[in-house]
Structures are given as C-alpha cells and as structure tokens.
Amino acid sequence: MSAHRTSREDRRRVARMEARRAFAAARAQRRKRDNLFAAAAAVVLLALAVALQVSWFSSDPTAEELALLKEDAAVAELPDVPDPSVAAGKTFTGSLSLGQGEVGVELDGAAAPQAVSVFKTLADDGYFTGKDCHRLTATETVSVLQCGSPNGDGQADQDFLWGPVENAPADGVYPAGTVAVARGNDVMSNGTQFFIVYKDSTLPQETGGYTIMGKVTSGLDVVQAIASSGTDSGGTDGFPKDPVTINSFTLK
C-alpha cells in the first residue's frame, strides 16, 4: 500500500512539472507574440498539460484530482522588475515556511535595495508558494540550499532577469545564515532564485559574486537538518534527498 502511494505521488510530481513547463512555454510565446494567436496557443498548451496529467492518474480521475490538476497547471505571471525604491532603506522581517519547518529571515533593503525590492514583491505576490528548493550543495567550501526556480529544475525565467550584483563580499566569505541571490554567469542574470548558507562558505567572486540581501534569524537548524540527509544522488551537489517545498514566504 505504501509503495503504491509513493508511486502515485511520484507520478503526480512529474505530471505537475510537465504541466508547469508546458504552460511556461506558452507564457513565453505569448510575451513574444502579444496577439490573439499567441493567446490561443497558450490555451491549447494548457489544455494539453491538463490532459497529460489526467493520464498519469487514471481513466476516471476524481473531482478533487481534476481541481488539483487545474490549479497546478496554472503558472502565475511574474511582475515587472520592481524599482529599488520599493525597499531602499527599509528592513523586512518574515518567515520562510518549508515542509520541514519555519525559517525566520530578515532582508536588508539598505544593503541591497534592488534585490530586496524584487524578493519583497515576489513574496507579496505569493510567487514562492509551492516552489521547490531544488539544489543542495555540500562541498568543502560551499554549503547552500537553493530555492525559487520557476519550474523546480534550476532554470531561470528568461523574461525576468535583472541586476546588478549588490553587497557581495570582497573576500568571497558567506557566513552561515546568509540569504543571497542566486544567478547565472553574468551580473545581470539574477532572477527568482535565492540560497541559504547553512555552513560558512567561500564562493567564487571572479564574475562579481552574489548579492547578500539578508540573513536567517531563526530556524537555521531546519536547513541544516535538510542538509544532513544529503542529496538524492548521494553526491555533494544535487536535489535534496529530503524534498523541500516552500509553503509560504512572508515579509513585513
């Protein structure tokens, strides 16, 4: 019975991922071709995504399952990148609620106004609800839990990239409890992802470093417990073996 339930949940997870990817692709197309044809394509892809998920359940899904499918298939539009003035000179405190427990956080808009403006806006819009923490690193120098990818696969939304890097330490040292912005290869590739440093780390600074936007004020042990389980592959960099979902992210 337990094995059957686990298999069903695995299928549900994969189906949700496929639905989000399909609708995200439609959304990108709609942004590039802002007309009726693109909108129609989005509707078609959404219908296909829902149909795909139905096939993972059974030939006769329940009303509850159908409602869940439609909810999970919907991908919220990201806002425009907010102006730094939203957070400039302000401090926000709040809670990152994970499936494993609560993590208290404080974001410093004086030190990183652009980054904090972005994450305050995303948190207020409910963007992070249901998102995964998809990456855990545990090397000799880097110990972080990374979260906030649009589709849970670490890829960024190319329509929501911003910069520059702010408040990066010159020595590359990121103390345990640091909350920083994850990015790609250049200083204008920040997006929706962030990472929590659960053990003192030293990160490469050759390409500009990473924006430190705040710190953990409580619950760092929750992240450390997640890290203690390791990755699903057994390696030092990968998806957490203990899957992490964000229930909510609130900032006031």
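Bear in mind that the values here come from a model prediction, so they are computed numbers and not experimental data.

About the cut-offs
- Residues numbered from 1 in each chain as written.
- Predicted model: local features only at pLDDT ≥ 70, side-chain atom pairs only at ≥ 80, totals over all residues.
- Heavy atoms only, no water.
- Helix = DSSP H or I, 4+ residues; strand = E, 2+ residues; numbered from the N terminus.
- Buried < 20%, exposed > 50% of the residue type's maximum accessible area, 1.4 Å probe, protein only.
- Contact = heavy atoms within 4.5 Å.
- Salt bridge = Lys/Arg side-chain N within 4 Å of Asp/Glu carboxyl O.
- Disulfide = S-S within 2.5 Å.
- Core = buried A, V, L, I, M, F, W, Y, C linked by side-chain atoms within 4.5 Å.
- Pairing = 2+ DSSP bridges.
- Arc of directions from axis to C-beta.

### Concerning the side chain of Gln114
Argument step 1. Note on placement: Gln114 falls in helix α4 (residues 113–124).
Argument step 2. Gln114 gets classed as buried once you look at its relative accessible area, which sits at 11%.
Argument step 3. Filtering out sequence-adjacent residues up to four positions away, Gln114 remains in contact with Val81, Pro82, Pro84, Trp162, Gly163 and Glu166.

### What to know about the pattern of salt bridges
Argument step 1. Within the structure shown, the criterion is met by two salt bridges.
Argument step 2. Two residues, Asp237 and Arg135, come together in a salt bridge whose shortest N-O distance is 2.7 Å. Linking Asp237 in strand β10 (residues 237–238) with Arg135 in strand β3 (residues 135–138), this pair joins segments that are 102 residues apart in sequence.

### Section: the state of the cysteines
Argument step 1. A complete count under the given rule lists one disulfide for this structure.
Argument step 2. Two residues share a disulfide in this structure: Cys133 and Cys147, whose sulfurs sit 2.1 Å from each other. Between Cys133 and Cys147, the disulfide has an S-S torsion of 95° and is therefore right-handed. With Cys133 in the loop between α4 and β3 and Cys147 in strand β4 (residues 143–147), this pair connects stretches of sequence that are 14 residues apart. Each member of the pair, Cys133 as well as Cys147, carries the same accessibility label: buried.

### As for the nonpolar core
Argument step 1. Grouped together as the largest cluster of nonpolar side chains are 39 residues, with contacts concentrated most on Phe119, Phe128, Phe194 and Met213.
Argument step 2. When residues of this core are assigned to their parent elements, the largest contribution, six residues, is made by α4.
Argument step 3. Residues Val142, Val144, Tyr174 and Phe195 belong to the second largest nonpolar core, which totals ten residues.

### Structural notes on the pairing of strand β2 (residues 101–108)
Argument step 1. The pairing of strand β1 (residues 91–98) with β2 spans eight bridges and is classified as antiparallel. Paired with Gly94 across the bridge in β2 is Val105.
Argument step 2. Hairpin connection from β1 to β2: two residues lie between these consecutive antiparallel strands.
Argument step 3. Where β2 and strand β9 (residues 212–218) come together, four bridges link them in antiparallel fashion. Each residue of the ladder has a partner; that of Val105, found in β9, is Val216.

### Things to note about the pairing of β9
Argument step 1. Alignment of strand β6 (residues 178–183) against β9, held across three bridges, turns out to be antiparallel. Pairing of Ala180 across the sheet is with Ile212, part of β9.

### Here's the deal with helix α5 (residues 220–228)
Residue pairs three or four apart in sequence face the same way in an α-helix, which turns once every 3.6 residues.
Argument step 1. Among all positions in α5, only Leu220, Val222, Val223, Ile226 and Ala227 are buried. For α5, the buried positions fall inside an angular range of 160° around the axis, keeping them on one side. Across α5 from its buried face, at more than 90 degrees, point the exposed residues Asp221 and Ser228.
Argument step 2. If you follow the buried residues of α5, they end up packed against β1, β2, β3, β4, β7 (190–197) and β9.
Argument step 3. Positive backbone phi, at 80°, marks Gly230, one or two positions downstream of α5.

### Brief notes about the sheet that holds β6
Argument step 1. The nine strands lie next to each other as β10-β3-β4-β7-β6-β9-β2-β1-β11, forming an open sheet whose pairing is antiparallel. Where the open sheet ends on each side, the last strands, each with one partner, are β10 and β11 (246–251).
Argument step 2. Relative to β4, β3 is paired through four bridges, and the arrangement is antiparallel. Residue pairing in the sheet places Ala138 in a bridge with Ser143 of β4.

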